[in-house]
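Here is how the chains run, residue by residue.
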Amino acid sequence: MRIATFNINGIKARHQSLCDWLDEATPEVVLLQEIKSLDENFPRELFEERGYRVETHGQKSFNGVAILSRLPLEDVARGLPGDESDDQARWIEATVIGDRTAVRVAGLYLPNGNPAPGPKYDYKLAWMERMKARAAELLELEEPVVLGGDYNVIPQDEDAAKPEAWKDDALALPETRAAFRRILHLGYTEAFRARVQGGGHYSFWDYQGNAWGRNNGIRIDHLLLSPEAADLMTGAGIETALRGREKPSDHVPVWIDLDA
DNA sequence: ATGGCTTGCATAGCAAGA
């Protein structure tokens, strides 16, 4: 079972290139972020005709997450628990029924948090604390769990081409990295880093300043695995080449293979 | 970098992103 996460930066602008990639890569499950669409405006038929179930948690203009799955989905849940007043669409969960094992999957779009310090950074850190609570609950299932999405976290300096440019940024501040580690230390494995060592691997390149041409990237899209999921992992990768296509998202898909 | 691209939207300049 291949599970990918992909911040598409707007489904309206990206549905064609997303479908092209689905047709060639044929992942079983795709976690989408920044659909920037209301549920009723999401072009679900495009994916249904390719054999995908579609579950969305959208909002107007900004944010919005979705799950596409060629395998059956059960127990879909929308919204990150812990703050009734939070109306930003950044979290969706479902259980994917694999051929051998069911996998609980969460798709997430973690707040950017800039400028830091400030209210947006406070929201990011509070959101990460809520995510930690939910991540801990999911571990108690003692089942394969995958938390995949745009984390807006550069875990270590080696995950940026120019780490000095990010040292005061909400994506890389020590407090951000510590909050990310607190989630990991509950017992999760960061999939890509568990399989590939060293720097030079990125999932985002800014549209500005010819960042792609200069390979001035950062690695901020991650898949966190419960112990039961990590035991099933047979591969992980980044679809780097998609960034060089026509009208690309500024992110590329990151994926894992699970023997599930 | 004073965010120099891109997206969505009350379709005209903004806000937001990272």
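The model shown is predicted, which means the values in this text are computed figures rather than measured ones.

**Q** For the sheet that holds strand E3 (residues 53-57), give the residues involved together with the corresponding values.
**A** Taken together, six strands build an open sheet; the order of strands is E3-E4-E2-E1-E14-E13 and the sheet is mixed. At either end of the open sheet lies a strand with only one pairing partner, and these are E3 and strand E13 (233-238). When strand polarity is set aside, the average angle formed by the axes of neighbouring strands in this sheet is 15°. Alignment of strand E2 (residues 29-33) against strand E4 (residues 65-69), held across five bridges, turns out to be antiparallel. Following the sheet pairing, Leu-31 is matched in E4 by Ile-67.

**Q** Tell me what's going on with the UniProt feature "binding site: Mg(2+)" (unreviewed entry) in chain A, and back it up with residues and numbers.
**A** When the UniProt feature table is mapped to this numbering, "binding site: Mg(2+)" (unreviewed entry) covers Asn-7, Glu-34, Asp-150, Asn-152, Asp-250 and His-251. Spatial clustering of the annotated residues is evident: they stretch over 245 residues in sequence, but the largest pairwise C-alpha distance comes to 12.8 Å. One can find Glu-34 in the loop between E2 and helix H2 (44-48). Its relative accessible area of 13% is what places Glu-34 among the buried residues. Once you skip the residues sitting within four places of it in the chain, Glu-34 turns out to touch Asn-7, Ile-8, Asn-9, Gly-10, Ile-11, Asn-63, Gly-64 and Tyr-109. Looking at the secondary structure, you find Asn-152 in the loop between strand E8 (145-150) and helix H4 (174-184). The exposure class assigned to Asn-152 is buried, which follows from its relative accessible area of 5%. There is a polar contact of 2.8 Å between the side chain of Asn-152 and the backbone oxygen of Leu-110.

**Q** Please set out the packing of aromatic side chains residue by residue, giving values where relevant.
**A** Summed over all chains, the structure comprises six aromatic pairs. Ring centres of Tyr-202 and Trp-205 lie 6.4 Å apart, and the angle between their planes is 85°; on these two criteria the pair is classed as edge-to-face. Per residue, the accessibility class of Tyr-202 equals that of Trp-205, and both read buried. Arranged with centres 4.9 Å apart and planes meeting at 90°, the rings of Trp-205 and Trp-212 form a pair that is edge-to-face. In this structure an aromatic cluster arises from ring pairing among Tyr-202, Trp-205 and Trp-212. We note Arg-2 situated over the ring of Trp-255; from NZ or CZ to the ring centre the distance is 3.5 Å.

**Q** Please give an account of the UniProt feature "active site" (unreviewed entry) in chain A that cites residues and values.
**A** Within this numbering scheme, the UniProt entry marks Tyr-109, Asp-150 and His-251 as carrying the feature "active site" (unreviewed entry). A maximum C-alpha distance of 12.5 Å among these annotated residues, which run over 143 residues, shows that they cluster at one spot. Structurally, Asp-150 can be placed in strand E8. Excluding anything up to four places from it in sequence, Asp-150 contacts Thr-5, Asn-7, Gln-33, Leu-108, Tyr-109, Leu-110, Ile-220, Asp-221 and His-251. Assessed through its relative accessible area of 5%, His-251 is described here as buried. In contact with His-251, other than residues within four places in its own chain, are Phe-6, Asn-7, Asp-150, Ser-203, Phe-204, Ile-220 and Asp-221. Separated by 2.9 Å, the side chains of His-251 and Asp-221 make a polar contact.

Calculation criteria
Residues numbered from 1 in each chain as written. Chains lettered and ligands numbered in written order. Predicted model: local features only at pLDDT ≥ 70, side-chain atom pairs only at ≥ 80, totals over all residues. Heavy atoms only, no water. Pairing = 2+ DSSP bridges. Helix = DSSP H or I, 4+ residues; strand = E, 2+ residues; numbered from the N terminus. Axes fitted to C-alpha atoms, helices over the stretch in contact; angles between N-to-C directions. UniProt positions renumbered as here; feature names shortened; annotations may be inferred. Buried < 20%, exposed > 50% of the residue type's maximum accessible area, 1.4 Å probe, protein only. Contact = heavy atoms within 4.5 Å. Polar contact = N/O pair within 3.5 Å; in protein donor to acceptor, adjacent residues only side chain to side chain. Phe/Tyr/Trp six-rings, centres within 6.5 Å; stacked < 30°, edge-to-face > 60°. Lys NZ or Arg CZ within 6 Å of the ring centre and 35° of its normal.

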